[in-house]
Structure formats: C-alpha cells, structure tokens
Amino acid sequence: MTSARETAAAVRSRRVTAVEVAETALAAAASSTSNAFVTLAEARALARAAAVDAAITAGRDPGPLAGVPVAVKDNICTAGVATTAGSAVLRGFVPPYDATVVARLEAAGALVIGKTNLDEFAMGSSSETSVFGPVRHPADPGRVAGGSSGGSAVAVAEGVVPLALGTDTGGSVRQPAAFCGVFGIKPTYGRLSRYGVIAYASSLDQVGVFSRDADDAAVALSAMAGRDPADATTAARAADELGPVPVDLRGLRVGRIADLWQGVSDGVRAALDGVAARFVESGATVVDVELPLVEAAVSSYYLIAMAEASSNLARYDGTLYGLRLGEARDGHEAVARATRAAGLGREVQRRVLMGSFALSAGYADAYAERAARVRRRIADALQDALAGVDVLLAPTAPTVAWRQGERLDDPLAMYVADVTTCLANLSGMPALSLPAGAAEDGLPAGAQLIGPAWSEARLLGWARAVTAKA
Ligand code: GLN
C-alpha cells in the first residue's frame, strides 16, 4: 500500500493520473466486504481527479495531497453527497455545503471517494449501531472494528485509501485505529474546524485523521488546520507547525499513566511494554505518573457527552432535516414524537433521555454541573502530570477488538472501556494511537501518546521514532 505522500508524488510526476488513482480506490471500496463504506462519491471523486490532472498539465501546483483518495466519516458534511450519521432520521439527507475540513482537503488536491460507516451519531465504541448495519473487522469479520469511526479505520486498514477522516469525541478515532492496526490522531481541541461536522458533544468533538504513519497524518492535518471564521473555537495557529519534527528521544521523559495499566489484557500490556522498551532503547526515560480522579473520568465524560447530545440532537424533530413522520395537522409535538421515536436508534434515545435528565431542573447541579467540575479537575491533573514529563503513554484501549454483538446489550461495559481515551477529550489535549503490534488472537493493539495542547508536531515526531523501530 502506497502512502499518501507517495501517491501525491506519483501523481505530480505523472507516473499515474489522479483519475486512475480515483478509479482504483473506488473499485477497492466497492469490493470491500467489511461494510466500511455507506456511500461512494464516484462523480465527485472523478471530477476532482480530472481537475487535479488538468492543473498538472497546465503547470499549476495541484497541492500536497494531489490525487490522494480519502474516505470521510458519514457525520461530516459533503455537498451533494448524502450525509446520514448512520441514522434513519437523516436517511437521504444531502447537505448543500461541505464541512471546512473536507473543503480544505480537496483544496490540497485530495479526492473524497466516499463516506464511511459509523455508530449512529458517533455514539458508540464498536460501529454496530448504524442504520446500515455493523462494520466488520478487517482481520476477523466476527469481530467489531471499534468505533465510532470504524468505517474510516477499516478503509485505511484494508488499503482502500491512505487517509481517512473520523471524529473523536471520547476516543472514536484512536480506539478503532488501535483495533484495526492503523495510525489515528485526535488533535488539540480547536486545531480543526467543526463547521459542517454533525455535532454530538460540541465541547468534546474534534475531527481526527487515520493513516498508515505519522508523516501522512501530518500532511493531512497541515492541509486542514487553522482558523475558520465559521467555527469560533478554531485557533489562529499556523498550520505549518504540524511537523512531524525530527526528534531525538535521548533525554525524553515519558510518563506511564500507571492507573490505566490496570484492567488491561495481558496481550495489550505486553505490546505496550514493547513500546515503552523502545522509548528506553532510544535513550528516553519512562516513569510512572499518578492521575488522581481517573476513576471519575468515564462518568464525567458520559454525563457531559449525553447532556450536550440531548441539546444538539433536538434539531432532528421532523421540521428541518431528514425523516418526517406523523401528520402536520396534529401539531409539532406529535410530529417530533413520531419522527424521533422511529428515526433515532435505541442507544441514541438512551443518551438523549439521560442527557435531558442530567440537565433538568433540580438535577443539573448533582449531574451536569458536577460532571463539569470533575472535568476541570481531571484536566488540571493531566496538566500537572505533564509538568514533570514530556509526554504521557497509555493504552489506547484495554483490550483488542471484541466479538460482534458481545457488548451491545451491556452499555456500561462499552462505556467503561473509554477511560483510556476520554481523558484527552475532557482536557482538549492532542492524543494519538500508534500500532503497537499483535496482542490476543493476533489482533492489533494500540499505544496512546498524549501531549500538551498544540504539541502535535512533537507527538507525531515521537510516534514516528518509536513506530519506525517496531
Ligand atoms: N465511545 C464514546 C461514546 O460513545 C466516544 C464516541 C466518539 O468519540 N464519538 O461517546
């Protein structure tokens, strides 16, 4: 499988045309049996490819991602191409505009070849709740791909595309990257625009990138990063600071979040120990760091995520978007009731109900507001941990990919496994998952690096240094 950088170089030097690259990727996506793609964007991809080829012929710069096929999670808007968030309530919804991240990738020469499958509204950790059915693990169809951006992880793992976009609210890029054996990064909150990204929990949501290595991720992030007037939470930071910077690991201080090693399977622990050993071999020191309140992270995360979701999802009421059921003459409430009952799946309904409860009069102080206070303290604890070390090392997920269906009836089992990933969302810090080798049943494990805000270039550099030796 060629990297995004190699593909762009081949297209620029006319060893292959962008149209040929697009056709190959579209054919590979069409023949995949993992249910990773929900919509293929043939016409759009081929038109963009022709434009890239024409630019090259005319001697114009086609951009750093010239002719690179990319897959986009189906909760990120694409003008003229259906965007459903995996929900019946948005079936058939065709956005009139592109998300900023999509527009910027295409401006850099990339070709969006299709939309990928996900948990409904990105709520989940297994990519099993989509109205289009579950995503299957690339190495074992009986296992889950991880989630919620499972389709994007599989699209990269199967070699259909070298780059894919996901969203990461509590781990949805890093955890499926770990399960599928690819690279995944959630940048600092505010690094990438959320404009045109279907909101789940706005204070936690961030777009992330799947790739085969750190260098490809850096090219994609650089193309998308920076201030967007359409998203007031974006930072006015130069995109070219995204590296990865060449690094020397000698003297680097790596903090192992010891609490997160508990409850980790033997195979995942061995894989992580391997990554820690590679840091040490390269001259870094690995020390244990304490993270007070880590046991409250999942509760805080889910209360905040559900509260924000209950507000964000109020718009799917049969008025403006997608599905509309019931008779208009019965009034808005009746239409909303019928539409939401039929259009939103079980897990989404559970979250909207719990989130509304957590925010309701008389309970907000005990739940939503308390969760926000705990969040602040967890963010401070991470900041304190990073005062003594350069980077934190943790498992991306406590186990390898589980079996399809295994946790669907046990939401708590699904939620608690997010303890490793949700820390970076609660604090806004950047975090990535790098392939750490095989664990139980030969399935991939991921190692997570968490760094201070805006440290992506260094994080990517460190990841490259330890992955290259794997
Ligand atoms: N598993 C987490 C949840 O269900 C994270 C999902 C995500 O990052 N989108 O909320």
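Residues numbered from 1 in each chain as written. Predicted model: local features only at pLDDT ≥ 70, side-chain atom pairs only at ≥ 80, totals over all residues. Heavy atoms only, no water.

Participant: Would you take a moment to explain the site of the ligand for this structure?
Facilitator: Around the ligand, a shell composed of 15 residues is seen, among which Thr169, Gly170, Ser172, Tyr200 and Tyr301 lie nearest. Within the side chain of Tyr200, a nitrogen or oxygen atom sits 2.5 Å from an oxygen atom of the ligand. For the ligand, whose unbound accessible area comes to 290 Å², protein coverage reaches 99%. Residue classes in the shell around the ligand are distributed as 5 nonpolar, 7 polar and 3 charged. (Near = heavy atom within 4 Å. Polar contact = N/O pair within 3.5 Å; in protein donor to acceptor, adjacent residues only side chain to side chain. Areas by Shrake-Rupley, 256 points an atom, 1.4 Å probe, with all protein chains shown as cover. Nonpolar A, V, L, I, M, F, W, Y, C, P; charged D, E, K, R; others polar.)

Participant: Would you take a moment to explain the side chain of Arg44 for this structure?
Facilitator: Its location among the elements puts Arg44 in helix α3 (residues 42-57). Residue class for Arg44 comes out buried when judged on its relative accessible area of 15%. Reaching out from Arg44, the side chain makes a polar contact with the backbone oxygen of Ala79 at a distance of 3.1 Å. When near neighbours in sequence (up to four residues on either side) are disregarded, Arg44 contacts Thr78, Ala79, Val81, Asp98, Val102, Glu106 and Val112. (Helix = DSSP H or I, 4+ residues; strand = E, 2+ residues; numbered from the N terminus. Buried < 20%, exposed > 50% of the residue type's maximum accessible area, 1.4 Å probe, protein only. Contact = heavy atoms within 4.5 Å.)

Participant: Just checking my understanding: could you explain unusual backbone geometry for this structure?
Facilitator: A negative phi holds for most residues other than glycine; trans holds for most peptide bonds. The omega torsion of the bond from Gly147 to Ser148 falls at 10°, within 30 degrees of zero and hence cis. With respect to the helices, strands and loops of the structure, Ser148 is situated in the loop between β3 (111-116) and α5 (150-157). Positive phi, normally seen in glycine, also occurs at Phe121, with a value near 55°. By the element assignment, Phe121 lies in the loop between β3 and α5. Residue Phe121 is classed as buried on the basis of its relative accessible area of 3%. Positive phi outside glycine occurs at Asp441, with the angle close to 55°.

Participant: Please explain helix α14 (residues 419-427) as it appears in this structure.
Facilitator: Each turn of an α-helix holds 3.6 residues, which means side chains three or four residues apart point in the same direction. Most of α14 is tucked away, with 8 of its 9 residues classed as buried. Along α14, the residues classified as buried are Val419, Thr420, Thr421, Cys422, Leu423, Ala424, Asn425 and Leu426. Backbone geometry just after α14 places Gly428 at a positive phi near 80°.

Participant: Even after reading the chapter, I still don't get the packing of aromatic side chains, so can you show me in this structure?
Facilitator: In this description, a pair of aromatic rings is defined by centroid distance and the angle of the planes. Counting across every chain of the model gives 10 aromatic pairs. Ring geometry for Tyr316 versus Tyr321: centroids 5.7 Å apart, planes at 50°, classification tilted. The buried category is assigned to Tyr316, whose relative accessible area is 3%. Ring-pair connections join several aromatic residues into one group, and the members of that group are Phe93, Phe121, Tyr316 and Tyr321. Looking at Arg256, its charged tip hangs above the ring of Trp261, at a distance of 4.3 Å from the centre. The positively charged end of Arg407 is found above the aromatic ring belonging to Trp402, 4.0 Å away from the centroid. (Phe/Tyr/Trp six-rings, centres within 6.5 Å; stacked < 30°, edge-to-face > 60°. Lys NZ or Arg CZ within 6 Å of the ring centre and 35° of its normal.)

Participant: In this structure, what is going on with the environment of Pro69? I would like to understand it.
Facilitator: Mapped onto the secondary structure, Pro69 falls in strand β2 (residues 69-73). On a C-alpha basis, the gap between Pro69 and Val131 in space is 25 Å, while along the polypeptide they are 62 residues apart. When residues no more than four places from it in sequence are discounted, the contact partners of Pro69 are Thr7, Val21, Ala25, Leu111, Ile113, Val161, Pro162 and Leu163.

Participant: Would you take a moment to explain the sheet that holds strand β10 (residues 431-438) for this structure?
Facilitator: Each strand in a sheet pairs with another by means of backbone hydrogen bonds, the pair being arranged parallel or else antiparallel. Across the sheet, 11 strands lie side by side as β1-β3-β2-β4-β6-β5-β10-β11-β9-β7-β8; this open sheet has mixed pairing. Each edge of the sheet is formed by a strand with only one pairing partner; in this case those strands are β1 (37-40) and β8 (285-289). On average, each strand axis in the sheet is inclined to that of its neighbour by 30°, with strand direction left out of account. Docked against the sheet, α3 engages β1 and β3, running at close to 160° with respect to β3. (Pairing = 2+ DSSP bridges. Axes fitted to C-alpha atoms, helices over the stretch in contact; angles between N-to-C directions.)

Participant: Just checking my understanding: could you explain the pattern of salt bridges for this structure?
Facilitator: A side chain with one charge may pair with a side chain of the opposite charge, provided their charged atoms come close. Under the criterion given, the structure shown has 22 salt bridges. With a shortest N-O distance of 2.7 Å, Glu347 and Arg351 are connected by a salt bridge. Within this pair, Glu347 and its partner Arg351 are both found in helix α11 (residues 346-359), separated by 4 residues, close to a single helical turn. With respect to burial, Glu347 and Arg351 carry one shared label: buried. Ionic contacts of the salt-bridge type, sharing partners, join the residues Arg5, Asp213 and Asp216 into one network. (Salt bridge = Lys/Arg side-chain N within 4 Å of Asp/Glu carboxyl O.)

Participant: What exactly am I supposed to notice about the pairing of β3 here?
Facilitator: Across a regular strand the side chains alternate sides, sitting on one face of the sheet and then on the other. Where burial is concerned, most of β3 is hidden: 6 out of the 6 residues are buried. One ladder, built from 3 bridges, connects β1 with β3; its direction is antiparallel. Pairing of Thr39 across the sheet is with Lys115, part of β3. Pairing between β2 and β3: 5 bridges, direction parallel. By the bridge assignment for β3, Val72 is matched with Lys115.

Participant: What exactly am I supposed to notice about the packing of helix α9 (residues 297-312) against helix α12 (residues 365-388) here?
Facilitator: The description of two packed helices rests on the angle between their axes and on the distance between the axes. In the contact formed by α9 and α12, the axes pass within 9 Å of each other and the chain directions differ by 130°. Considering their axes alone, α9 and α12 lie oblique with respect to each other. Here α9 and α12 pass one another in a crossing that is left-handed. In this structure, α9 uses Ala297, Ser300, Leu303, Ile304 and Glu308 to contact α12, whose residues at the interface are Tyr367, Ala371, Ala372, Val374, Arg375 and Ile378. (Parallel < 35°, antiparallel > 145°, perpendicular 65-115°, else oblique. Left-handed = near helix turned anticlockwise from the far one by under 90°.)

Without other data, these values stay purely geometric and don't point to any function.
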